[in-house]
Amino acid sequence: MKAFKNQMDSSTPEWDMAVIFSNINLYYFTGTMQDGMLMIPRDEDPTFWVRRSYQRARDESLFPVIKPMNSFRDARKDMGTLPDTIYLETEVMPLALYQRFVKHFPFKEFKPVDLHVAAVRAVKSEYELSLMRKSGKIHQHVLEDLVPDMLLEGMSEAQLATELFKVLVDEGHHGLTRFGMFDTEIVVGHVGFGESSLYPTYFDGASGTLGLSPAAPVLGNRNRKLTKGDLVFVDVGCGVDGYNTDKTMTYMYGSPLPPHALEAHQKCVEIQNEIAGMLKPGEIPSQIYHQIMDNLNDEFLENFMGFGPRKVKFLGHAIGLLIDELPVIAERFDEPLQEGMVFAIEPKKGIKDVGMVGIENTFIVTPNGGECITGNNPGMIPVY
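The structure displayed is predicted, hence computed values, not measured ones.

1. Here's the deal with unusual backbone geometry
Point 1. Note the cis peptide between R52 and S53, where omega equals 5°.
Point 2. Tracing the backbone shows S53 in the loop between β3 (47-52) and α3 (54-60).
Point 3. Here the amide bond leading from L326 into P327 is cis, since omega sits at 5°, within 30 degrees of zero.
Point 4. Tracing the sequence through the fold places P327 in strand β13 (residues 325-329).
Point 5. Positive phi values are uncommon outside glycine, yet N303 reaches one of about 70°.
Point 6. Following the sequence through the fold, N303 ends up in the loop between α11 (298-301) and β10 (306-307).
Point 7. Here M305, not a glycine, exhibits a phi torsion of approximately 65°, which is positive.
Point 8. Here M305 is to be found in the loop between α11 and β10.

2. Focus: the nonpolar core
Point 1. In terms of nonpolar packing, the biggest core is built from 43 residues, with L151, L164, V232 and Y251 touching the most fellow members.
Point 2. Contributions of two or more residues to this core are made by α7 (126-150), α8 (157-171), β7 (189-193), β8 (231-240), β9 (243-253) and β19 (381-383).
Point 3. Considering each element in turn, this core owes the most residues, 8 residues, to α7.
Point 4. Beyond its immediate sequence surroundings of up to four residues, L164 is in contact with V142, L143, V147, M150, V234 and V236.

3. As for the pattern of salt bridges
Point 1. Scanning all chains against the criterion turns up 16 salt bridges.
Point 2. When the shortest N-O distance is used, the salt bridge between D84 and K108 registers 3.8 Å. In this pair, D84 sits in the loop between α4 (72-77) and β5 (85-88) while K108 sits in the loop between α5 (95-104) and β6 (109-112), placing the two residues 24 residues apart along the sequence.
Point 3. Note on D84: relative accessible area 44%, which makes it partly exposed.
Point 4. Taking relative accessible area as the criterion, K108 reaches 71% and is therefore assigned exposed.
Point 5. The salt bridge partner of K348 is E346, with a shortest N-O separation of 2.9 Å. The pair K348 / E346 is uniform in exposure class, with both members buried.
Point 6. In the salt-bridge network here, residues are joined through shared partners; they are D235, E346, K348 and E360.

4. Digging into the packing of helix α2 (residues 23-30) against helix α6 (residues 114-122)
Point 1. Viewed as axis vectors pointing N to C, α2 and α6 meet at an angle of 50°, and their least axial separation amounts to 12 Å. By the angle between their axes, α2 is oblique relative to α6. Pair α2 / α6 crosses with left-handed handedness. Mapping the contact onto sequence places I24, N25, Y28 and F29 in α2 and V117, V120 and R121 in α6.
Point 2. Tallied by class, residues from the contact of α2 with α6 come to 5 nonpolar, 1 polar and 1 charged.

5. Describing the side chain of T85
Point 1. Relative to the helices and strands, T85 resides in strand β5.
Point 2. Separated by 3.1 Å, the side chains of T85 and E109 make a polar contact.

6. Some details on the pairing of strand β17 (residues 361-364)
Point 1. Residues of β17 alternate between two faces, with N361 and F363 on one and T362 and I364 on the opposite face, all of them buried.
Point 2. Here strand β14 (residues 342-345) runs beside β17; their pairing, made up of 4 bridges, is antiparallel. Residue pairing across strands places A344 opposite T362, the latter belonging to β17.
Point 3. Relative to strand β18 (residues 371-372), β17 is paired through 2 bridges, and the arrangement is antiparallel. Directly across from I364, in β18, lies its bridge partner E371.
Point 4. Following β17, the chain reverses through 6 residues before pairing antiparallel with β18; G369 in that reversal takes a positive phi of roughly 105°.

7. Brief notes about the sheet that holds β18
Point 1. Strand order in the open sheet made by the 5 strands is β13-β12-β14-β17-β18, with antiparallel pairing throughout. With one partner strand each, in any of the chains shown, β13 and β18 form the two edges of the open sheet.
Point 2. Here 3 bridges tie strand β12 (residues 316-318) to β13, and the two strands are oriented antiparallel to one another. Following the sheet pairing, G316 is matched in β13 by I329.

Cut-off values and rules
Residues numbered from 1 in each chain as written. Predicted model: local features only at pLDDT ≥ 70, side-chain atom pairs only at ≥ 80, totals over all residues. Heavy atoms only, no water. Helix = DSSP H or I, 4+ residues; strand = E, 2+ residues; numbered from the N terminus. Core = buried A, V, L, I, M, F, W, Y, C linked by side-chain atoms within 4.5 Å. Buried < 20%, exposed > 50% of the residue type's maximum accessible area, 1.4 Å probe, protein only. Contact = heavy atoms within 4.5 Å. Salt bridge = Lys/Arg side-chain N within 4 Å of Asp/Glu carboxyl O. Axes fitted to C-alpha atoms, helices over the stretch in contact; angles between N-to-C directions. Parallel < 35°, antiparallel > 145°, perpendicular 65-115°, else oblique. Left-handed = near helix turned anticlockwise from the far one by under 90°. Nonpolar A, V, L, I, M, F, W, Y, C, P; charged D, E, K, R; others polar. Polar contact = N/O pair within 3.5 Å; in protein donor to acceptor, adjacent residues only side chain to side chain. Pairing = 2+ DSSP bridges.

The structure is reproduced here in C-alpha cells:
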C-alpha cells in the first residue's frame, strides 16, 4: 500500500482517492478475494468494504480495516465529503457496476488507475518470488520429467490436456490460469499435436488450438489423436497461491522432426537465452525487442512468433498474479527494467506441415541477467 501511494504521489500528485474492485487487485492488497471494494484515500487509512463473505475476509486477511456492507449505501454513510475525481480500474470495471457505485458515490469524474497498480505489481517482493519459484519447480518437474511418460499413441489432445491438468494440481498447482486480457478464458493452456498447434485462435499468443468446440476453444481437440512422427506442443501455466509461471515444452513422438524444424527450434532457444542475458535492471524492454528482431533474417522472420498473418508483436511478457502482466518485451515499452520483475520469454516459430516449435521459460530480473525458475531443458525432447 505504501508503494502504491508513493507511485500515485509521483505520477499523479493531484490524486485524492482510488477504489479497487477486481479480485486480483483485491487479493494483491488484502490477501483475500471477496465481493467488495477497497477504498484508498490519499491521506487516510484505506478501508476494505466486504459484501460477501465478511467472515472469510476476516479469516484470510490481515488487512487493518475490514468492514461489512450490504450495499454501497452502507459504505457511503461512513464517509464524509467526496473528492471530485476517483481513480478506478477502467480496464476491468463493468459499466453497470460503475453506475451502481456512482449512484451512491457521485464523483464528478473518473480516471484510470490500472497502469499505476500494474507498475507496483511489476516489482515482486521476496515473498512473491518465493511463490513463483515454487511454481517454477512444479512446472519444471511436470513438463520435463513427467510429460514424456504421459504421451501414448492414440490419445487425443484433450486427453493429454486434462491428464496434464490433474498432474499439475496433484503436484501443487493452484488450478487456475488467469489472464488480464478482456474475456480471455483458458483452462490450462495450449496443447497441440502437429499442425494443430498452428490453428488460429483469438488468444494473443503465437500458438493456437482448435479446442473442444467453437464455444470452447480450449484444452485441445478430442478428435486429433497422437501418431508417430508428431510434434507435441505444450504451453501451459502453473501457479502457487495466486502467483503464476509460464512454460512451453516440445516433444518429438515416435521419430525425429525434419532438420529444418529442429534448426528453427534451436534458433528459438538461442534467442530465449540471449534475451535472458539482457534481463538486468536498467535495460529497456523496447530496445531488447529491437535488438533481437533487427538481427533476424527475413527467412527466419517468416512465421516467427506466429504463423502466416497471425503473429504477435512481442517476445515476452511480465508475469505474476496474471499470466499477461506489464511490462512487455515489445515496442513502446521504454521504462527501464527493475530488479525483481519477472518475465516469461517465449520465442516461437510456426513450421508448415510440422507445427509450432520454440520454447518459453520464466525469468527473474537480476543484476546478472535473467534467473530461470522453470528449468533449463531446451525442449524438443525425443519420446521414442
